[in-house]
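Given next are the chains, with one letter for each unit.
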Amino acid sequence: TPPRAASSLPPRSETMSEKTVPRRESLRKVRFGTSDMMVTEVCGGTMTWGSFNDKEDDAHDQLDKLWSLGVNFLDTAELYPVGWNYGATTERWIGNWLKKRTEDGTLKRQDIYIATKINPSHIGSEHPERKGGTPHGYDSEIMHWSCDQSLKRMGCEYIDLFQIHWPSRDVPIMSTPTFMPGGDNRFAKFHDTGEVEDFERTVSSIKELIDAEKIKHWGVSNENAFGITMLCMTCLKLGCPLPVSCQNDFSILNQTYEEDTYEAAYRFGMVGLPYGALCGGVLTGKYFENSKPEYAQKDADERPIDKCRHRVSSSFQPRYGATLAMQATKEVVELAEEWNITPTELSLAWAIGRVCNASVIIGTTTVRQVEECVGAALLDLPDALKKAVDKIHEKYRNPCVFYADKEVWQGIEGRRAEEPEL
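Residues numbered from 1 in each chain as written. Predicted model: local features only at pLDDT ≥ 70, side-chain atom pairs only at ≥ 80, totals over all residues. Heavy atoms only, no water.

1. Considering the packing of aromatic side chains
Going through the model one piece at a time under the given rule, you end up with 10 aromatic pairs. Here Phe52 and Trp84 contribute two aromatic rings whose centre-to-centre distance is 4.6 Å and whose plane-to-plane angle is 55°, an arrangement assigned as tilted. Here Trp84 lies in the loop between strand S4 (73-75) and helix H2 (89-103) and Phe52 lies in the loop between strand S3 (42-45) and helix H1 (56-68), a separation of 32 residues in the sequence. Judged by its relative accessible area of 8%, Phe52 is buried. Look at Trp84 and you get partly exposed, because its relative accessible area is 35%. The side chain of Lys216 reaches across the aromatic face of Tyr158, ending 4.3 Å from its centre. Positioned above the aromatic ring of Tyr320, the side-chain terminus of Arg319 is 4.5 Å from the ring centre. (Phe/Tyr/Trp six-rings, centres within 6.5 Å; stacked < 30°, edge-to-face > 60°. Helix = DSSP H or I, 4+ residues; strand = E, 2+ residues; numbered from the N terminus. Buried < 20%, exposed > 50% of the residue type's maximum accessible area, 1.4 Å probe, protein only. Lys NZ or Arg CZ within 6 Å of the ring centre and 35° of its normal.)

And the structure:
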């Protein structure tokens, strides 16, 4: 059983009923959509290995722990690590670990599923003749180049799940679901405007990779209902296998995926593989370091609060620590304590339990975090607890995103995760 935070709850009355959450003995494996992959409901995330984790041995220790706990699914990207030192390093570290553990007999390549991603900004697999500031539109030359580089770095003959990291068209990415033509509400440059030929170019390139047996399945990420529908209809037109998954930002504090995007995915047999279920660590409770110090103290030796993401790099994914997100998180933490589980366990178990998801990506920087996050996948939340989470959602309604005006959203009064708690 993974370690749990020391309780900060007041003494209970002897007549008060104890609220408990059932805990299973082992991880479940589920079929990953329409694929033949049988994956654990928790997927090892890797995007901080090479930046926030600056030692390769730390990444290998976490990989060893994931494997020993039964996790058979890893997610990475040519882009990783993130925050700084972008690109290529994380895949290379994974490749070194795979080589070491297959050679010593710890695992066989076919026993673990590896997902990676290609991005349109050339980060991580810069083509020698096409690098620069101009994004690509997932054309054949770039797709083969990028896939080949990922295969080489990880020392693999194939990739189980090859994902489009974000759309190349002028659509908003992260932070907001609100579409504005021309690339407004988008942090990265765009290549195209989502015409029929743009989707055909992408799908044709994916089909080439499948036919060449470089990839087994494919998926999308940071996508919306229009993109999913167009890609799938194009697959049907061109005879390409449908994408099997969608990797979007999804948490108690951001449930926008379950709006129209989920319906599009569901109609085409796609499953969710979300990231961000802990909102960059905010939902662990550690950014309440004075009022609820036990959460920050769990990793005080290896990862003190001043070395955590929102304190080290406040400009990286600040949406997770926005003012309203912090207010909602406080209620999530209190709800978890009421049920005698950690906020981490509640947040991850909730995401795993949503019908739209097959597996949920975790992000860790210590072995202890791996233990707690994987342990969350053993919990089956009672209906009463899920209803209480719904109440928080109805009160705050996706506080990690803005809908109309980013400056107004960012200017809402209150403490952000980047600011120490006084």
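2. Concerning the environment of Gly137
Looking at the element boundaries, Gly137 is found in the loop between strand S5 (113-118) and helix H3 (140-154). Residues Gly137 and Asn119 lie 18 residues apart in sequence; the distance between their C-alpha atoms is 9.4 Å. Leaving out residues up to four positions away in the same chain, Gly137 has contacts with Ser168, His191, Asp192, Arg201 and Thr202. (Contact = heavy atoms within 4.5 Å.)

3. What about the state of the cysteines?
Here, disulfide denotes a covalent bond that connects the sulfur atoms of two cysteines. This model, assessed by the stated rule, comprises 0 disulfides. Cysteine Cys232 shares no disulfide, and the gap to the nearest cysteine sulfur, in Cys235, comes to 5.9 Å. Judged by its relative accessible area of 0%, Cys232 falls in the buried class. In this structure Cys308 is not part of a disulfide, and its nearest cysteine sulfur, from Cys373, lies 13 Å away. (Disulfide = S-S within 2.5 Å.)

4. A closer look at the sheet that holds S3
Taken together, 8 strands build an open sheet; the order of strands is S9-S8-S7-S6-S5-S4-S3-S10 and the sheet is parallel. Strands with a single pairing partner mark the edges of an open sheet, and in this sheet they are strand S9 (271-272) and strand S10 (360-362). In terms of strand pairing, S3 meets S4 through 2 bridges, oriented parallel. Within the sheet, the bridge partner assigned to Gly45 lies in S4 and is Asp75. (Pairing = 2+ DSSP bridges.)

5. Quick look at H2
A rise of 1.5 Å per residue sets the reference length of H2, with its 15 residues, at 21 Å; its end C-alpha atoms lie 21 Å apart and thus fit the reference within 8%. Of all the residues in H2, the buried ones are Thr89, Thr90, Glu91, Trp93, Ile94, Gly95, Trp97, Leu98 and Arg101. Buried residues belonging to H2 abut H1, S4, S5 and H3. Downstream of H2 by a residue or two, Gly105 has a phi angle that is positive, lying close to 85°. (Expected span 1.5 Å × (residues − 1).)

6. Some details on the pairing of strand S7 (residues 215-221)
Within S7, 6 of the 7 residues are buried, leaving the element largely enclosed by the surrounding structure. Here strand S6 (residues 159-164) pairs with S7 via 5 bridges, running parallel. Within the sheet, the bridge partner assigned to Phe162 lies in S7 and is Trp218. With helix H4 (residues 196-211) bridging S6 and the parallel S7, this β-α-β connection has right-handed handedness. Sheet analysis places S7 next to strand S8 (residues 245-247), joined by 3 bridges and oriented parallel. Note that in S8 the partner of Ser221 across the bridge is Gln247. (Right-handed = clockwise from strand over helix to strand, strands pointing away.)

7. So, the environment of Val312
Its location among the elements puts Val312 in helix H8 (residues 309-312). Judged by its relative accessible area of 39%, Val312 is partly exposed. Along the primary structure Val312 and Ser125 are separated by 187 residues, whereas in three dimensions their C-alpha atoms are 26 Å apart. Residues within four places of Val312 in sequence aside, it is in contact with Phe52, Trp84, Asp306 and Lys307.

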